[in-house]
Amino acid sequence: MFFHFILLVVSLMGSLRSFHVSGCNENCADKPAFTPTRLVVKHGDPTSAICSVCQHACLVNGTTTDLEKAVGDTLRNGTTILWTVDRLTEWHTSPICYYSNAAYQCCSSLNVTVYQPPDSVSFSFVNHTGPMLEGHQYTLQCTVQDVAPVENLSVTFYRGQTALGQLQSNNTEKKPVTEIFSLNITPSKEDDGVQFWCEAKLELGPDGPQRPPVVTSENITATVHYKPQLKSSSSDLITVSEGNSLQLNCSAVGNPRPSYTWTSPIRSYSNGSFLTIDSVTSADKGQYTCSVSNHVGTATVKFDVDVKESYIGLIVGVIAAVALLVVICVVIGYLLFYKPNRMGQYNLNDDFCSQTNHSAVPSVE
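Residues numbered from 1 in each chain as written. Predicted model: local features only at pLDDT ≥ 70, side-chain atom pairs only at ≥ 80, totals over all residues. Heavy atoms only, no water.

The chain is annotated in an unreviewed UniProt entry as Ig-like domain-containing protein of Sander lucioperca. The Subcellular location (unreviewed entry) comment attached to the chain in UniProt states, word for word, "Membrane". (UniProt positions renumbered as here; feature names shortened; annotations may be inferred.)

Engineer: Would you mind showing me how to read the pattern of salt bridges here?
Structural biologist: Pairs may arise between side chains of opposite charge once their charged atoms sit close together. What the rule picks out here adds up to six salt bridges. Among the salt bridges present, the one from D66 reaches R76, with a minimum N-O distance of 3.8 Å. In this pair, D66 sits in strand β4 (residues 64–68) while R76 sits in strand β5 (residues 73–77), placing the two residues 10 residues apart along the sequence. Judged by its relative accessible area of 17%, D66 is buried. Ionic pairing is found between E151 and K174, a salt bridge with its closest N-O pair at 2.6 Å. (Salt bridge = Lys/Arg side-chain N within 4 Å of Asp/Glu carboxyl O. Helix = DSSP H or I, 4+ residues; strand = E, 2+ residues; numbered from the N terminus. Buried < 20%, exposed > 50% of the residue type's maximum accessible area, 1.4 Å probe, protein only.)

Engineer: Any chance you could explain the sheet that holds strand β19 (residues 224–230) here in plain terms?
Structural biologist: Within a sheet, each strand pairs with its neighbour through backbone hydrogen bonds, oriented either parallel or antiparallel. Strand order across the open sheet formed by three strands is β11-β19-β22, with mixed pairing between neighbours. Strands at the two margins of the open sheet, each flanked by one partner only, are β11 (132–133) and β22 (252–255). (Pairing = 2+ DSSP bridges.)

Engineer: Looking at this structure, how should I read the confidence of the model for the chain?
Structural biologist: Caution is warranted with low-pLDDT regions, since their predicted coordinates should not be read in detail. Chain-level statistics for the chain give a pLDDT mean of 84 and a share of 83% at 70 or above. Predicted confidence is poor over residues 351–356, with pLDDT under 50, and the contacts of this stretch with residues over four places away or in other chains come to zero contacts. Note that pLDDT drops below 50 for residues 358–365; the model gives that stretch zero contacts with residues more than four away or on any other chain. (pLDDT = per-residue confidence, 0-100. Contact = heavy atoms within 4.5 Å.)

Engineer: How do you make sense of the nonpolar core when you look at a structure like this?
Structural biologist: Ranked by size, the top nonpolar core spans 27 residues in total, and within it V144, L153, V155, F157 and F196 carry the most contacts. Only β10 (120–125), β12 (138–147), β13 (153–159), β15 (177–185) and β16 (195–202) provide two or more residues apiece to this core. Element by element, the count of residues in this core is highest for β12, at five residues. In this view, V155 contacts C142, V144, G165, Q166, L167, F181, E199 and A200; residues no more than four positions away in its chain are not counted. Ranked by size, the runner-up nonpolar core spans 22 residues in total, among them C28, V53, W83 and C106. (Core = buried A, V, L, I, M, F, W, Y, C linked by side-chain atoms within 4.5 Å.)

Engineer: Is there a simple way to explain the side chain of S217 in this structure?
Structural biologist: Turning to its location among the elements, S217 is positioned in the loop between β17 (214–216) and β18 (220–221). Judged by relative accessible area, S217 falls into the buried class, the value being 8%. When residues no more than four places from it in sequence are discounted, the contact partners of S217 are V121, S122, F123, W197 and C198.

Engineer: Can you help me understand the sheet that holds β5 in this one?
Structural biologist: Strands sit in the order β1-β3-β6-β5 across an open sheet of four strands; the sheet is antiparallel. In the strand order of this sheet, the two ends are held by β1 (33–35) and β5, each with one partner. Looking at each pair of strands side by side, their axes are set apart by 25 degrees on average, direction ignored. Alignment of β5 against strand β6 (residues 80–85), held across five bridges, turns out to be antiparallel. (Axes fitted to C-alpha atoms, helices over the stretch in contact; angles between N-to-C directions.)

Engineer: Even after reading the chapter, I still don't get the pairing of strand β21 (residues 246–249), so can you show me in this structure?
Structural biologist: Residues in a regular strand point their side chains to alternate faces of the sheet. Every second residue of β21 is oriented toward a common face, the buried set being L246 and L248 and the non-buried set Q247 and N249. Where β21 lies against strand β24 (residues 274–277), four bridges are found, and the strand directions are antiparallel. Within β24, the position partnered with L246 by the bridge is I277.

Engineer: Hey, could you run me through the packing of aromatic side chains in this one?
Structural biologist: Given two aromatic rings, one states the distance between the centres and the angle between the planes to describe the pair. The tally for this structure, following the rule as stated, stands at five aromatic pairs. Consider the rings of F125 and F196, whose centres lie 6.2 Å apart with planes at 70 degrees: the pair is edge-to-face. Of this pair, F125 sits in strand β10 while F196 is found in strand β16, placing the two residues 71 residues apart along the sequence. We classify F196 as buried; its relative accessible area is 1%. Taken together, the ring pairs connect F123, F125, F157 and F196 into an aromatic cluster. (Phe/Tyr/Trp six-rings, centres within 6.5 Å; stacked < 30°, edge-to-face > 60°.)

Now the structure itself:
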């Protein structure tokens, strides 16, 4: 019976204290003041604060002062009360310092933030593994494990060292929770081989750690498949002289590595980014088509080739013919004119006649 009486007294005292605290005015002119005015404490760490209960009102007879707390110890020194906690493990705690007299009640509460950095941060692509396709939408996901208070958490998604976006939670839970953040992206070919990751940071304000707790995820290297893209395109007419070499360039980039197919109206060519003809003829004139393909798509480029006829052979033939004609003329001239005039004509009849027609020269006696 006596034991039940003791429990009743304790309960009434607790109710009385709650009555005083809950009914007090926090806007009174001479209200108690905490130093510091706000506490930011890592879960499990020690902490302390001093409450200056009153300056003048406490001089009134009948004024009572106290500090209501859920955990920790108090030490009174005149009108100040020291509150200490060796290891703060309560997620919801807010000490209330107050005084009460016959005129009114006045109190102040200490804002205490108990935080816990994330246990871990993981990064992934939602419902997707393997290569991504250029131009398709994908969702990045950052999972933050056991962090408190989550409303002070900011999560930033990164592409390499470039921030893609920052998100925050609307959850007001004070105890540690696991929160998932998502961000949509549409990759391009420039994202192929780029690392994606996320960062979780507790922003606890000026009363918190000067270097906010930061936990980063692992990096995931993206593989982006994209259709071939030509390094250059040809729209101008390509003119080459007959007998010269011709080289057409159809180089392209793509993932997976593309294959090349060349076609023309007159012949087929081996595959490759370059088409080479060592000696062009007039038959090589026309339009050449290069198709570059992979499983994502195909890119096509056309080359219009004009072949100029070469007159070198004709000129050489004409020169040779003229030279031959000159030689023939020289030989004929030599045989008809030069040789007879040079050697003269010899006739035996003329020589005989010359001998018979001469008269004898008389002898002188």
